[in-house]
Amino acid sequence: MKITSYILAGTTLTVTMAFAGGAVMADEDHFKDIVFGESVHIEITASEGRVYYTYRFIPKAEGRYTITVDDYDEDIDDVLVFISDPQLSEEIDYIDYILPEEYGSLSMEVNLEKGKAYAIIATKDGVTTSTDYSFSINGYKGEGNPLSTGWWQNENGWLYNDEDGNMVFSDWAKIGGCWYFFDNTGYMQTGFFYYGGNNYYLRNNGAMATGWMKIEDKWYYFDEHGKMATGWKKISGKWYCFENTGEMKCNEKYYENYKWYYFNPSGEMVTGWYHVPNGANFNWFYFNADGSAATGWKKVDGAWYYFSNYGIMQTGWLEQDDHLYYLQDSGAMTTGWFHEINMYWYYFTEDGSAATGWKQISGKWYLFNKGSGKMVTGWHYVYENGKQTSYYLMDSGEMAQGWCKINNDWYYFEPSGVMVTGTRVIGGKTYEFYDSGVCKNP
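As the structure is a prediction and not an experimental result, all values here were calculated from the model.

1. A look at the overall build of the chain
A count of helical and extended segments in the chain gives one helix and 42 strands. Excluding contacts between residues fewer than 6 apart, the proportion of contacts in the chain whose partners are at least 24 apart in sequence is 43%. For the chain, the exposed area adds up to about 24,600 Å²; of that, 45% sits on carbon and sulfur atoms.

So, in structure tokens, the structure goes:
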């Protein structure tokens, strides 16, 4: 087979070329060099006779190389790839060729000399159809090729050949203790990378990230296999939570399964007491051992606290289920006596609810307003069946019993606290009382 449809210009071919990314016109002094392992994509439209796309390959070592054709359409493509020695003659003999449509051949193995320039020519026959396919030098058989093992680079990126001299592609490779991934054309990948249902991150040098990694001011975590963490993750005994895109949550509240959680600026799930800025002030929260914010009543270190549905600790007055409570500035529920700043006294029972109505405390009776819980002082009147019953609550709030001097007048009160009127024998002496309760003969 003789090839006469291209011209030698010194030692360089004058051709039209196309390679990955589109068509490029080559002048008579330049055409595309390819190296071992490189894949070249070509598109050919034959308008007048045959069109040739020519590449130069210079082996780095003596040995047997494999050239492969791929991605062609068996129905319309007239594919022909051959390798020749452009220094032989003007009518160049081919060394070997691939013609998939006619012979079913997809690759060829050729013995090449070290350092010698070879022409690999992609063509098509016919004038009415287009051809779209690729070929690659994707194998090497022989000893001593400096590119047969280890890293190498071309204008498109870094590639790697394994210990058998085979280029790694579409797979992971552990190199120097680090993992790398190479795409289906053999190029080392960097950045975020999805593979086998998991996300990974490959550093700028291609090494797979493990552990903590800060990327564009966001923190991510990758396990010992390089898999990016999402959702909940326990790391060094502490809990963290990650977005579906891998960003670590930090300095924010998070709602899940009807529970609130909070992550501090370092991303750790908060437990125990924690305050969160709210304008110029703070909101206090208490987070349980599982990280969920306490809501409703919660006993902490012997004191009771109340938290809103959002987990915010409440202070001040709280009305719940027809009961009144008072939560101090610390949030602790008040029990026992409490004196408000506005001078009103209250009494809170052991369950924290404010006493209302009559209440006996330490053997003494007190009266508390049923609406507000305020301790009553002064006169108190009860009307029943058209009859008024009078009581008197001293400044201390204690219900008056026995003799009591009020505004320089003497009164007498039954043990039940009821004010006496009319005639009453007290201590063997008869006393007279006005209807107002004032004693006539004290």
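Back to the write-up after that little detour.
2. A closer look at the pairing of strand β19 (residues 191–195)
As judged from the five bridges shared by β19 and strand β20 (residues 198–202), these two strands associate in the antiparallel manner. Paired with Phe192 across the bridge in β20 is Tyr201. The hairpin formed by β19 and β20 contains two residues between the paired strands, and Gly196 there has a positive phi angle of roughly 60 degrees.

3. Some remarks on the pattern of salt bridges
By the definition in use, this model includes five salt bridges. Across the pair Glu268 and Lys238 runs a salt bridge, and its minimum N-O distance is 3.2 Å. Residue Glu268 is found in the loop between β26 (259–263) and β27 (272–278), and its partner Lys238 is found in strand β24 (residues 238–242); the two are separated by 30 residues along the sequence. Under the relative-accessibility criterion, Glu268 is labelled partly exposed at 21%. Close ionic contact of Glu398 with Lys364 constitutes a salt bridge, the shortest N to O distance being 3.6 Å. Highlighted residues: Glu398 in the loop between β38 (387–393) and β39 (402–406) and Lys364 in strand β36 (residues 364–368), separated in sequence by 34 residues.

4. Regarding the packing of aromatic side chains
Counted by the stated rule, this structure contains 60 aromatic pairs. Between Trp232 and Phe263, the ring centres sit 5.5 Å apart and the planes meet at 45 degrees, which makes this aromatic pair tilted. Residue Trp232 is located in strand β23 (residues 231–235), and its partner Phe263 is located in strand β26; the two are separated by 31 residues in the primary sequence. The exposure class of Phe263 is buried, given its relative accessible area of 0%. Centroid distance Trp260 to Tyr310: 6.2 Å. Interplanar angle 50 degrees. Geometry classified as tilted. In this pair, Trp260 sits in strand β26 while Tyr310 sits in the loop between β30 (303–307) and β31 (316–320), placing the two residues 50 residues apart along the sequence. The exposed category is assigned to Tyr310, whose relative accessible area is 53%. Taken together, the ring pairs in this structure connect Trp151, Trp158, Tyr160, Tyr180 and Phe182 into an aromatic cluster. For Lys253, the ring lying beneath its charged end belongs to Trp260, and the centroid distance is 4.2 Å. Sitting over the face of the ring of Tyr344, Lys374 holds its NZ or CZ atom 3.9 Å from the ring centroid.

5. Thoughts on the side chain of Ser308
Note on placement: Ser308 falls in the loop between β30 and β31. You can call Ser308 buried: its relative accessible area is 16%. With residues near it in sequence (within four places) discarded, Ser308 still touches Ala294, Thr295, Gly296 and Gln314.

6. Overview of the confidence of the model for the chain
Low-pLDDT stretches of the model should not have their predicted coordinates read in fine detail. Per-residue confidence for the chain averages 83 on the pLDDT scale, and 83% of its residues sit at or above 70. Averaged over each element, pLDDT in the chain is lowest for strand β2 (residues 7–9) (25) and highest for strand β22 (residues 218–222) (98). Predicted confidence is poor over residues 1–30, with pLDDT under 50, and the contacts of this stretch with residues over four places away or in other chains come to 68 contacts.

7. Section: the nonpolar core
Judged by nonpolar contacts, the single largest core of 24 residues is most densely connected at Ile34, Ile67, Val69, Ile83, Ile120, Tyr133 and Phe135. Contributions of two or more residues to this core are made by β7 (39–45), β8 (51–57), β9 (63–70), β10 (79–84), β12 (107–112), β13 (118–124) and β14 (130–141). For Val69, the residues in contact, after removing those within four places along its chain, are Val79, Val81, Ile98, Pro100, Leu106, Tyr133, Ser134 and Phe135.

8. Focus on a negative patch on the surface
On the surface, a cluster of negative charge is contributed by Glu43, Asp70, Asp71 and Asp132. Relative to the assigned elements, Asp132 resides in strand β14. Here Asp132 falls in the partly exposed class, since its relative accessible area comes to 35%.

Basis of the calculations
Residues numbered from 1 in each chain as written. Predicted model: local features only at pLDDT ≥ 70, side-chain atom pairs only at ≥ 80, totals over all residues. Heavy atoms only, no water. Helix = DSSP H or I, 4+ residues; strand = E, 2+ residues; numbered from the N terminus. Contact = heavy atoms within 4.5 Å. Areas by Shrake-Rupley, 256 points an atom, 1.4 Å probe, with all protein chains shown as cover. Pairing = 2+ DSSP bridges. Salt bridge = Lys/Arg side-chain N within 4 Å of Asp/Glu carboxyl O. Buried < 20%, exposed > 50% of the residue type's maximum accessible area, 1.4 Å probe, protein only. Phe/Tyr/Trp six-rings, centres within 6.5 Å; stacked < 30°, edge-to-face > 60°. Lys NZ or Arg CZ within 6 Å of the ring centre and 35° of its normal. pLDDT = per-residue confidence, 0-100. Core = buried A, V, L, I, M, F, W, Y, C linked by side-chain atoms within 4.5 Å. Patch = residues over 30% accessible without salt bridge, like charges linked within 9 Å, V, L, I, M, F, W, Y side chains within 5 Å. Lys, Arg positive; Asp, Glu negative; His and termini not counted. Charge placed at Lys NZ, Arg CZ, Asp CG, Glu CD.

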